[in-house]
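Here are the chains, one letter per residue:
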Amino acid sequence: MVNRRRFLGLGPLIGLFPSLAFRSTQPQSTTTPGPTAQPGPLVISTWKQPKAHAAAQAVLEQGKRAIDIVEAGVRVPEADPNDTSVGYGGLPDRDGRVTLDACIMDEHGNAGSVTYLENIMHAISVARAVMEKTPHVMLSGEGAQKFALANGFKKENLLTPAAKAAWQNWLKTAKYKPVINIERHDTIGMLAIDKAGNISGACTTSGLAFKMNGRVGDSPIIGAGLFVDNEIGGACATGLGELVMRTCGSFLVVELMRQGRTPQQACEEAALRIVKKQDYKDIQVGFIAVNKQGETGAYSIQPGFNYTLTQNGQTQVTDARSYLKK
């Protein structure tokens, strides 16, 4: 079983910011939409997330908004001490501090985000509060924590004994090397279409284990880790966040769908744009997407990325197609 800590490959952190007008030199995908090519409510997320989808499905069945669905879903791994890449139980940075990043977008284009948030378990709910209660999109660090406490969130220690032991063991060598597919089952990006046909998304993480203090990846960045345009669709990214940020990955996927690509084609082209600019053999990035018609797509550079889909009362985990093969 591949785990999250094997997902992120140490790749070159050198790249050019590509123009959105770039046309891939790779042949366009000829794959057909999967079995989800039908309108109607659905939930899709990165990685194997049955518990998160059960919570999301319960809210969906109540007829609530898509934003309520995705928030409820991603709160599950945030509270699970066994998920070592998100929320409570997340592995700390190299200084032993657990710092959380999250963002959320609704069907109206509203967005909220928090970065470098400490001692608050449900970063996604704080991000939503930023969206709904402030004129801002993002709050960071101490300011984000102060805002959370002022809005009734509980301050608590997120460093579990298991995570602390892993950090102390890492200190013996203090070597830093992200590993491909390391984030499987943990970090989560989730998209939902509600019964009214509206789309929202959420993304939450504790980031790379033993990262430099202060590092923030793609997960809380609107347009990188997550982007939603209710007229078109939504997308989430996972993997080495620096590469996703350099390509505005999730925004790119949605814009490609706007230009007529299917979700599958858009995910593939976004991944190939990274391949074109990077030494892709030692890095991993994966995308999921959904359009307004209920078609979904998923694609990654390396094999090993999977996603969870709930539709018509059924939940299944599927291995995504990848550029490189096993």
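An account of the accompanying structure is given in this report. (Residues numbered from 1 in each chain as written. Predicted model: local features only at pLDDT ≥ 70, side-chain atom pairs only at ≥ 80, totals over all residues. Heavy atoms only, no water.)

Glancing now at the overall build of the chain. Looking only at helices and strands, the chain features eight helices and 13 strands. Counting over 326 residues, the chain shows a buried share of 60%. A sequence separation of at least 24 residues applies to 70% of the contacts in the chain between residues at least 6 apart. Within the structure as shown, the chain displays about 13000 Å² of accessible surface, and the carbon and sulfur contribution to it stands at 52%. (Helix = DSSP H or I, 4+ residues; strand = E, 2+ residues; numbered from the N terminus. Buried < 20%, exposed > 50% of the residue type's maximum accessible area, 1.4 Å probe, protein only. Contact = heavy atoms within 4.5 Å. Areas by Shrake-Rupley, 256 points an atom, 1.4 Å probe, with all protein chains shown as cover.)

A few words on the sheet that holds strand β8 (residues 233–239). One open sheet accounts for five strands, arranged β7-β8-β9-β10-β13; its pairing is mixed. Each edge of the open sheet is held by one strand with a lone partner, namely β7 (226–229) and β13 (321–322). Pairing analysis gives five bridges linking strand β9 (residues 285–291) to strand β10 (residues 296–300), with the strands arranged antiparallel. By the bridge assignment, G286 is partnered in β10 with S300. Relative to the sheet, helix α7 (residues 249–258) contacts β7, β8 and β9, its axis offset from that of β8 by approximately 145°. Packing of helix α8 (residues 263–277) onto the sheet brings it into contact with β9, β10 and β13, and relative to β10 it is tilted by some 20°. (Pairing = 2+ DSSP bridges. Axes fitted to C-alpha atoms, helices over the stretch in contact; angles between N-to-C directions.)

Glancing now at the nonpolar core. Within the largest apolar cluster, 47 residues are counted, with the highest numbers of intra-cluster contacts made by L191, L226, V253, F287, I288 and I301. If you tally residues by element for this core, the top one is α8, at six residues. Ranked by size, the runner-up nonpolar core spans 41 residues in total, among them L117, I124, A129 and A192. (Core = buried A, V, L, I, M, F, W, Y, C linked by side-chain atoms within 4.5 Å.)

Attention shifts here to the packing of α7 against α8. Where α7 contacts α8, the two axes come as close as 8 Å, and the packing angle between them is 135°. One finds that α7 runs oblique with respect to α8. Taken as a pair, α7 and α8 cross one another with a handedness that is right-handed. Here α7 contributes G249, L252, V253, L256 and M257 to the contact with α8, which in turn contributes P263, A266, C267, E269, A270 and R273. Across the contact of α7 with α8, the residue classes break down as eight nonpolar, one polar and two charged. (Parallel < 35°, antiparallel > 145°, perpendicular 65-115°, else oblique. Left-handed = near helix turned anticlockwise from the far one by under 90°. Nonpolar A, V, L, I, M, F, W, Y, C, P; charged D, E, K, R; others polar.)

What follows covers the packing of helix α3 (residues 123–133) against helix α4 (residues 141–150). In contact at an axis separation of 10 Å, α3 and α4 are set at 80° when each is read in the N-to-C sense. The orientation of α3 relative to α4 falls into the category roughly perpendicular. Residues V126, A129, V130 and K133 of α3 pack against A144, F147 and A148 of α4. Partitioned by chemical class, the residues of the contact of α3 with α4 number six nonpolar, no polar and one charged.

The next subject is the packing of aromatic side chains. Under the defined criterion, the tally for this structure stands at four aromatic pairs. Taking 4.9 Å as the distance between ring centres and 80° as the angle between the ring planes, the aromatic pair formed by W47 and F305 counts as edge-to-face. Of this pair, W47 sits in the loop between β1 (42–46) and α1 (50–61) while F305 sits in the loop between β10 and β11 (306–311), placing them 258 residues apart in sequence. By the burial criterion, W47 is buried, and F305 matches it. The interplanar angle of 15° and the centroid separation of 4.9 Å between the aromatic rings of W170 and F210 together place this pair among those described as stacked. Of this pair, W170 sits in helix α5 (residues 161–170) while F210 sits in the loop between β6 (199–205) and β7, and the two are 40 residues apart along the sequence. (Phe/Tyr/Trp six-rings, centres within 6.5 Å; stacked < 30°, edge-to-face > 60°.)

A separate point is α5. It helps to recall that an α-helix has 3.6 residues per turn; residues three or four apart then point in one direction. Inspection of α5 places A163, W167 and W170 among the buried residues, and these make up the whole buried set. Projected onto a plane normal to the axis of α5, the buried residues spread over an arc of 60° and lie on a single side. α5 presents P161 and A162 as exposed residues on the side facing more than 90 degrees away from its buried surface. (Arc of directions from axis to C-beta.)

Take the pattern of salt bridges next. All told, the structure shown has 11 salt bridges when counted by the stated rule. With its nearest N and O atoms 3.5 Å apart, the salt bridge here joins D106 to R65. Taken together, the residues D106 in the loop between β2 (100–105) and β3 (111–117) and R65 in the loop between α1 and α2 (66–78) connect sequence positions 41 residues apart. Accessibility expressed as a relative area gives 3% for D106, which makes it buried. Where E132 meets R128, a salt bridge forms, and the shortest distance between an N and an O atom there is 2.9 Å. On the criterion of helical spacing, the pair formed by E132 and R128 is a turn pair, its members being four residues apart in helix α3. Residues joined by salt bridges that share partners form a network here, namely D68, E71, R128 and E132. (Salt bridge = Lys/Arg side-chain N within 4 Å of Asp/Glu carboxyl O.)

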